[in-house]
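Descriptive analysis of the structure
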Amino acid sequence: MNFRILTLFIAFCCSSSLLSAQTTDTLVDLGTHELHVNIWRGEGLPIVFESGSGSSGDVWKSLADSIHSATNATVVTYDRAGYGRSEVNKSVPKSERGHIDRTVADLEQTLKLLGMDQEILLVAHAYGGFTAARFADRNPDLLKGIVLLDAHLAGYFTDEIRAKFQERSNEGNLRLVKASIPGMYFETLAFDQSITALKASDFPTFIPILDIVAATPPNDFNDDAHVELWRQTHRELIARDHNWIGFTARNSGHFVFQDQPEVVETAILALHKWVTRPLPDTDLPPILNGPKEDMDIIRAGIYQFSRNYENRDHIAIANSYTRDGKLFPNNRPILEGRETLTKFWNLPEGNEILHHQIYPREITITGDVAYDYGYYEGASMGPDQKLGYWMGKYVIMWKKTDEGWKMYLDIWNRI
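Scope of this entry: the structure provided in the associated data block. (Residues numbered from 1 in each chain as written. Predicted model: local features only at pLDDT ≥ 70, side-chain atom pairs only at ≥ 80, totals over all residues. Heavy atoms only, no water.)

With mixed pairing, eight strands are arranged side by side in an open sheet as β1-β2-β4-β3-β5-β6-β7-β8. This sheet does not close on itself; its edge strands, each paired only once, are β1 (23–29) and β8 (245–249). Averaged over all adjacent pairs, the angle separating strand axes in this sheet is 20 degrees, with direction ignored. For strand β7 (residues 209–214) and β8, the ladder comprises five bridges, and the chain directions are parallel. Bridge pairing in β8 places V213 opposite T248. (Pairing = 2+ DSSP bridges. Helix = DSSP H or I, 4+ residues; strand = E, 2+ residues; numbered from the N terminus. Axes fitted to C-alpha atoms, helices over the stretch in contact; angles between N-to-C directions.)

A word on the packing of aromatic side chains. Applying the stated rule across the entire model yields 22 aromatic pairs. A ring pair is formed by F165 and F221, whose centres lie 5.1 Å apart and whose planes are at 85 degrees; its orientation type is edge-to-face. Within this pair, whereas F165 is found in helix α7 (residues 159–168), its partner F221 is found in the loop between β7 and α11 (224–239), the two being separated by 56 residues in sequence. On the basis of relative accessibility, which here comes to 21%, the residue F221 falls in the partly exposed class. Considering the side-chain rings of F305 and Y309, the 6.2 Å spacing of their centres and the 45 degrees angle between planes classify their relative orientation as tilted. Here the residue F305 and the residue Y309 both occupy positions in helix α14 (residues 292–310), the gap between them amounting to four residues, near one helical turn. The two residues F305 and Y309 agree in class, both being buried. Each member of the aromatic cluster is reached from another via a ring pair, and the members are Y127, F130, Y156, F157, F165, F191, F221 and W230. Residue placement shows R277 over the ring face of W274; its charged tip is 3.5 Å from the ring centre. We note R307 situated over the ring of Y303; from NZ or CZ to the ring centre the distance is 4.5 Å. (Phe/Tyr/Trp six-rings, centres within 6.5 Å; stacked < 30°, edge-to-face > 60°. Buried < 20%, exposed > 50% of the residue type's maximum accessible area, 1.4 Å probe, protein only. Lys NZ or Arg CZ within 6 Å of the ring centre and 35° of its normal.)

This brings us to the sheet that holds strand β14 (residues 387–401). Read across the sheet, seven strands follow the order β9-β12-β13-β14-β15-β10-β11 without closing on themselves; strand pairing throughout is mixed. One side of each edge strand has no neighbouring strand; the edge strands of this open sheet are β9 (287–289) and β11 (335–336). Strand direction decides the pairing type here: strand β13 (residues 369–381) and β14, joined by 13 bridges, are antiparallel. Bridged to G374 within β14 is Y394. Relative to the sheet, helix α13 (residues 261–275) contacts β13 and β14, its axis offset from that of β14 by approximately 60 degrees. Strand contacts of α14: β9, β10 (321–328), β12 (352–366), β13, β14 and β15 (404–414), with the helix running at about 165 degrees to β12, the strand carrying the most contacts. (Contact = heavy atoms within 4.5 Å.)

To continue, consider unusual backbone geometry. Backbone geometry at A126 places phi at a positive 50 degrees, although glycine is not the residue there. Along the chain, the position of A126 falls in the loop between β5 (120–125) and α6 (128–138). Positive phi, close to 60 degrees, is recorded for N331, a residue that is not glycine. Within the fold, N331 resides in the loop between β10 and β11.

What follows is the structure in structure tokens.
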């Protein structure tokens, strides 16, 4: 460890009051080249920002300032090799200098030298989505969560689109790029090889992902079909795991964090708070007492309630209760009957439920009645697109009626 890194490491060991008052602008020596890093020192889960192609870490300054002020967490921005003040790694062949695996190796080594080779929250824009995917595949235990901001996903790059990028990357264009942004030049040289590697990677499903897509994503080849493919690729990503959520930021272009800074900041803060919350025992298998056939119906009803809630299907939700079903919401009288329940579950216009999941702790069936209790969690967003995560506990009494198993009493509150 050279003197600069030793000094930086000692600084991290100082008191939190001293650390939170300083921002470090430094070069991290990786042995073969140096990377430029900015660090807002703090405590708790660190947040690392990964820039898009053509951008240095400077694009994050305003957002990083705000995130650090709101969380007092350590926040890190940096310039990838060949960007800003970061050097190119000349110890490897030119064709490999911009390969995604080189980029990820640089990030891994930088975090280790900074003493941050434990859990982090990663925020990635555009090309940074490639880094996030490869980093997650190689270091799943280091990622507590990922925020993608109109990120590049390998699935978007079909053979047709890859060929178009190769055609555009002619010698004349590359010469201009090399003179102004060497890092972008080398990433372009290795682009096709990086895509091949990325298509063999995947995001581990246990890592929470928040995917924010621009209302007007990039249209590199002036083809609306490509824009729809971009959106479809993001929809497919979120559909792969129920705990992954995403939304489109209204009135935003590709640089969504610049066009809608408050929306992005709120979302990052929400996920950071969510992944650092004290966890109840939601991973434990529920205690199940009762006939399997009836139990399967009740458990299917629990699952379907969440899907109906996410889909804003208030009629289907109301019909999952008995005709005289009763709700016990906080700070309100008891609500009774399907007509009343239908109105209750009809969300105001502009409100969205992005995620809902129920974790039963016990379901016990006795004859034609059953009780069910446990936890629930979710994520919602209002008309202002401010994201919020939440969790609570519940107790439900079920009845077996001529319509099948239905909820009779439903009691819950937030925690």
